[in-house]
Amino acid sequence: MTVLVLNALLKPLIEPRLPDWAEVRWYKTKDEAFALAPEAEIGWFDMHSKEDMAHVFALATRLKWLNSIYAGVDAFPLDLLAERGVVLTNGAGINAVPIAEYVVMLMLSHAKNYREVVRAQERREWLKDSPGKRELFGSKALILGYGAIGQEVEKRLAGFQMEVSKVRRSPGPGVLGPDEWRGRLGEFDWIVIAVPATAETEGMIGAAELAAMNSHVVLVNVARGSVIDQQALTEALGSGRIGGALLDVTTPEPLPAGDPLWALDNAQVTMHLSGKAQDRMFQRSAQRFLENLERYQRGEKLEPQVDYALGY
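Residues numbered from 1 in each chain as written. Predicted model: local features only at pLDDT ≥ 70, side-chain atom pairs only at ≥ 80, totals over all residues. Heavy atoms only, no water.

**A look at the overall build of the protein**
Now for step 1: Along its length, the protein carries 10 helices and 12 strands.
Now for step 2: Compactness check: the protein gives a C-alpha radius of gyration of 22 Å against a globular reference of 20 Å for 312 residues, within 12% of the reference.
Now for step 3: Principal-axis analysis of the C-alpha atoms gives the protein an extent of 70 × 50 × 35 Å.
Now for step 4: Across the 312 residues in the protein, those meeting the buried criterion constitute 48%.
Now for step 5: Accessible area of the protein: about 15800 Å², with a carbon and sulfur share of 52%. (Helix = DSSP H or I, 4+ residues; strand = E, 2+ residues; numbered from the N terminus. Rg over C-alpha atoms; globule rule 2.2 N^0.38 Å. Buried < 20%, exposed > 50% of the residue type's maximum accessible area, 1.4 Å probe, protein only. Areas by Shrake-Rupley, 256 points an atom, 1.4 Å probe, with all protein chains shown as cover.)

**Some thoughts on the packing of aromatic side chains**
Remark: the centre distance and the inter-plane angle together describe each pair of aromatic rings, the angle taken between the planes.
Now for step 1: Overall, the coordinates contain five aromatic pairs when judged by the stated rule.
Now for step 2: Between the aromatic rings of F57 and F76, the centroid separation amounts to 5.7 Å while the plane-to-plane angle is 25 degrees, which identifies the pairing as stacked. Here F76 lies in the loop between β4 (65-67) and α4 (78-84) and F57 lies in helix α3 (residues 50-59), a separation of 19 residues in the sequence. With respect to class, F57 is no different from F76; both count as buried.
Now for step 3: Taken together, a centroid distance of 5.1 Å and an interplanar angle of 25 degrees make the contact between W65 and F289 stacked. Note that W65 is positioned in strand β4 and F289 in helix α10 (residues 281-298), a separation of 224 residues in sequence.
Now for step 4: The class of W65 is buried, set by a relative accessible area of 0%.
Now for step 5: Site record: aromatic cluster; members linked through ring pairs are W44, W65, F289 and Y296. (Phe/Tyr/Trp six-rings, centres within 6.5 Å; stacked < 30°, edge-to-face > 60°.)

**So, the pattern of salt bridges**
Now for step 1: All told, the structure shown has 13 salt bridges when counted by the stated rule.
Now for step 2: A salt bridge links R25 to E39, with the nearest nitrogen and oxygen atoms 1.9 Å apart. Linking R25 in strand β2 (residues 22-27) with E39 in the loop between α2 (30-36) and β3 (42-44), this pair joins segments that are 14 residues apart in sequence.
Now for step 3: By relative accessible area, which is 29% here, E39 ends up partly exposed. (Salt bridge = Lys/Arg side-chain N within 4 Å of Asp/Glu carboxyl O.)

**Quick word on the environment of D129**
Now for step 1: Relative to the assigned elements, D129 resides in the loop between α6 (114-123) and β6 (140-144).
Now for step 2: A sequence separation of 12 residues divides D129 from V117, and the C-alpha atoms of the two residues are 10.0 Å apart.
Now for step 3: A distance of 2.8 Å separates the side chain of D129 from the side chain of K133, its partner in a polar contact. (Polar contact = N/O pair within 3.5 Å; in protein donor to acceptor, adjacent residues only side chain to side chain.)

**Quick look at a nonpolar patch on the surface**
Now for step 1: Nonpolar side chains collect at one region of the surface, where Y114, V117, V118 and L127 lie side by side and expose about 300 Å² of accessible area between them.
Now for step 2: Relative to the assigned elements, Y114 resides in helix α6.
Now for step 3: For Y114, a relative accessible area of 47% translates into the label partly exposed. (Patch = residues over 30% accessible without salt bridge, like charges linked within 9 Å, V, L, I, M, F, W, Y side chains within 5 Å.)

**Considerations on the sheet that holds β2**
Now for step 1: One open sheet accounts for five strands, arranged β2-β1-β3-β4-β5; its pairing is parallel. Both outer strands of the open sheet, β2 and β5 (87-89), are each paired with one neighbouring strand and no more. Between one strand and the next, the sheet's axes are offset by a mean angle of 15 degrees, whatever the strand orientation.
Now for step 2: When β3 meets β4, the two strands line up parallel, connected through three bridges. Within β4, the position partnered with I42 by the bridge is W65.
Now for step 3: Contacts from α10 reach β1 (2-7), β3, β4 and β5 within the one sheet, and its direction differs from that of β3 by about 170 degrees. (Pairing = 2+ DSSP bridges. Axes fitted to C-alpha atoms, helices over the stretch in contact; angles between N-to-C directions. Contact = heavy atoms within 4.5 Å.)

**Observations concerning the nonpolar core**
Within soluble globular proteins, side chains that are nonpolar tend to cluster in buried spots.
Now for step 1: Grouped together as the largest cluster of nonpolar side chains are 31 residues, with contacts concentrated most on L144, I191 and I205.
Now for step 2: Of all the secondary-structure elements, those providing two or more residues to this core are β6, β9 (190-193), α9 (230-238), β11 (244-247) and β12 (267-269).
Now for step 3: Considering each element in turn, this core owes the most residues, four residues, to α9.
Now for step 4: Leaving out residues up to four positions away in the same chain, I205 has contacts with L144, W181, I193, L210, M213, L219, V227, I228 and D229.
Now for step 5: In this structure, A100, A111, I149 and V218 belong to the second largest nonpolar core, which totals 24 residues. (Core = buried A, V, L, I, M, F, W, Y, C linked by side-chain atoms within 4.5 Å.)

**Focus: the side chain of N214**
Now for step 1: Take N214: it is sitting in the loop between α8 (207-212) and β10 (218-221).
Now for step 2: Owing to a relative accessible area of 14%, N214 belongs among the buried residues under this scheme.
Now for step 3: At 3.1 Å, the side chain of N214 and the backbone oxygen of G186 are in polar contact.
Now for step 4: A distance of 2.9 Å separates a polar side-chain atom of N214 from the backbone nitrogen of V217.
Now for step 5: In contact with N214, not counting residues within four places along its chain, are G186, E187, F188, R241 and I242.

**Some words on the side chain of D259**
Now for step 1: With respect to the element layout, D259 can be found in the loop between β11 and β12.
Now for step 2: For D259, which is buried and forms no salt bridge, the nearest opposite charge comes from R115, at a distance of 13 Å.
Now for step 3: Side-chain polar atoms of D259 contact the backbone nitrogen of L261, separated by 2.9 Å. (Lys, Arg positive; Asp, Glu negative; His and termini not counted.)

See below:
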C-alpha cells in the first residue's frame, strides 16, 4: 500500500474515487499533519505559514511526491525537496480562468472609469456622461508571461479584437523573446504581468522600464508584487508618467493602510482576490490530483511538475 497524507477538507472530493492501492491518512490540524508527515509517500500539505510548511517538510522524510494547490512555490524549501528527489506538482493553471476573467474586468473597469459610476450611485447622482470613454477594441496589449494564465488572457482579449503580443522563452508568431520586450515597451496600451515569481523576474519592471512606456499605458499585475519596483511605480503613477496600474498583488500583502497606492485615482488595488473569485478551485485541484495519482501508479510524468532549476 502507498501511504497518502492529505487534508481532511479534501475528503469528500477525493475519497470516493481513490484507487485500492492508496491508503490515506487524513489530517484536520497542523499538529496532526506533523504527526502523520513521516509516514507519507505522497503528501498534500498546504499551510498558512512558511514556518509550518518548512517544519512539515522536514518531518516528511519518506516523501516521493508533494502536491500543492498553490501556484507560487516561494513557500517551499525547493533545495531540500530537490536534494531528496521529491517531485513537486503545484497549482499552476488551476485558477487561470477566473484570473483571466479578473484581468478583463479590471481593464474594462479602468477603461470606462467604472469606479466613478459606482461612486455616483452611492451619491444618488444621475451622471449625464460616461466618466470613462476608452475602448479595448483595436488597442495593443503585451502579456509578460505566457503560461496558463497568459494564454487564457489572450483568448479573452481576442474577443475585443486587440493586438496581443506576448513574452516567452521560445519563439513564435507574435512572441517576443526575453531580450526583446524592453525595447518595445513604448508601443503598448496595456501590459499584463503574469510571470512566475522567481529570482529572474524579481523587480523586472523598474524605473527604467516604466520610463520606456508611453504616458497612457496601464499595467495589470496578477503575478506577484515583487515583480514590480513598487516605489518606482508609485512615483510614476503619482506624476502621471504612466496612465494607470491595476494591482491584484502588492508588496507587502496586506498593503499597509498608509501606503500611497491606496489614494491614487489611477491605481486600483484588488487585494489578491483574482484567484479567489470562483467556486471551483478545490474541485479542479482534486480532479488534477486524481489524474496524477493514476500517472504516479503507471510511472508517468506528473503535471504540472515544478522545475527546481527554474524555480517554477
